[in-house]
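# Breakdown of the fold
Listed here are the chains, written in short residue letters.
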Amino acid sequence: HPCTPDYAAGKKVLLLIDFIKHKYQRDIPAVLFIRDGDNQAVDRLSSFRTLREEYQDIQVIVGLAIPKREAWVLNGFDPQNENEIKLLDKVRRELTLDPSTEAHRLRGKVNQPGIELRNIKRVLMELVNHNQLREEQCWRTTSLDILTTRGKETGLTDYIDNIREIMIPILVSN
């Protein structure tokens, strides 16, 4: 997978980290790569796994949001008031799915006929009323247990598990 854009970009980052480690005597034990799946999840994950194998002196942690990062935000959406309860119920009926537990079934492309209703960006903006602070609440205040349960199909669970298993021990030991 050395010809993919994700591999090439990731390799540049890792070469830069390697340069910094040696030139400035810095200990950089891990790097996070966070990407949208964008209908290329298999190729992207394969590229990052290849980089992980090539650079074993640094932990490569991958967060791959399926289909997009908005899915992770939707995984954390819990209605906060009566208006949001009604709005979530309306969206569930329109989509015939629950966007907080089935965000992986939403789509990222807007320019395809019939996809607009299931456009993940549109759904998120409708639920949070175009409010950036409300969107941020979805991932900041929702418990990790809920995010882990809801995020199995969106890649969020894998990312959280990697943070727990790899990053937290590194942070605790430093």
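In this report, the structure presented in the accompanying data block is examined. In this text, all values refer to a predicted model and were calculated from it rather than measured experimentally. (Residues numbered from 1 in each chain as written. Predicted model: local features only at pLDDT ≥ 70, side-chain atom pairs only at ≥ 80, totals over all residues. Heavy atoms only, no water.)

Helix and strand counts for the chain come out as eight helices and two strands. For the chain, the α and β elements follow one another from N to C terminus as α-β-α-β-α-α-α-α-α-α. Counting only C-alpha atoms and orienting by the principal axes, one finds that the chain spans roughly 55 × 40 × 25 Å. Of all 174 residues assigned to the chain, the portion counted as buried reaches 42%. Long-range contacts, defined here as pairs at least 24 residues apart, represent 65% of the contacts in the chain between residues at least 6 apart. For the chain, the exposed area adds up to about 10200 Å²; of that, 54% sits on carbon and sulfur atoms. Side chains of the chain give 26 positive and 26 negative charges; the mean places of these two sets differ by 3 Å. (Helix = DSSP H or I, 4+ residues; strand = E, 2+ residues; numbered from the N terminus. Buried < 20%, exposed > 50% of the residue type's maximum accessible area, 1.4 Å probe, protein only. Contact = heavy atoms within 4.5 Å. Areas by Shrake-Rupley, 256 points an atom, 1.4 Å probe, with all protein chains shown as cover. Lys, Arg positive; Asp, Glu negative; His and termini not counted. Charge placed at Lys NZ, Arg CZ, Asp CG, Glu CD.)

What follows covers the nonpolar core. Core analysis: the biggest nonpolar cluster contains 16 residues, and Leu74, Phe77, Leu95, Leu106, Val123 and Leu127 have the highest contact counts within it. The leading source of residues in this core is helix H5 (residues 120-128), at five residues. Grouped together as the second largest cluster of nonpolar side chains are twelve residues, Leu14, Val31, Leu51 and Tyr55 included. (Core = buried A, V, L, I, M, F, W, Y, C linked by side-chain atoms within 4.5 Å.)

Moving on to the pattern of salt bridges. A full pass over the atoms with the stated rule returns 19 salt bridges. The closest approach of N and O atoms between Asp6 and Arg35, which form a salt bridge, is 2.7 Å. On the criterion of sequence distance, the pair formed by Asp6 in helix H1 (residues 5-23) and Arg35 in strand E1 (residues 30-36) is long-range, its members being 29 residues apart. Classification of Arg35 as partly exposed rests on a relative accessible area of 30%. (Salt bridge = Lys/Arg side-chain N within 4 Å of Asp/Glu carboxyl O.)

This next bit is on helix H4 (residues 82-95). A rise of 1.5 Å per residue sets the reference length of H4, with its 14 residues, at 20 Å; its end C-alpha atoms lie 20 Å apart and thus fit the reference within 8%. Among all positions of H4, only Glu84, Leu88, Val91 and Leu95 are buried. The buried residues of H4 occupy an angular sector of 65° when projected down its axis, which confines them to one face. Across from the buried face of H4, at angles greater than 90 degrees, the exposed residues are Asn83, Lys86 and Arg93. Its buried side turned inward, H4 meets H5 and helix H6 (132-140). Residue Thr96 follows H4 closely and has a positive phi angle near 55°. (Expected span 1.5 Å × (residues − 1). Arc of directions from axis to C-beta.)

The final tally for this structure, using the stated rule, is one cavity of 30 Å³ or more. Among the residues forming the lining of the largest cavity, the class breakdown is four nonpolar, no polar and three charged. (1 Å grid on protein atoms, 1.4 Å probe; cavity = no way out; pocket = protein on both sides within 12 Å on 5 of 7 lines; lining within 4 Å. Points joined across faces, edges and corners; volume = space filled by probe spheres on them. Nonpolar A, V, L, I, M, F, W, Y, C, P; charged D, E, K, R; others polar.)

Taken as a whole, the largest pocket encloses approximately 300 Å³ of empty space. As for the largest pocket, its lining consists of Arg69, Trp72, Val73, Trp139, Leu144, Leu147, Leu156, Tyr159, Ile160, Ile163, Arg164 and Ile168. If you tally residues by element for the lining of the largest pocket, the top one is helix H8 (residues 156-173), at six residues. Residue composition of the lining of the largest pocket, by class: ten nonpolar, no polar and two charged.

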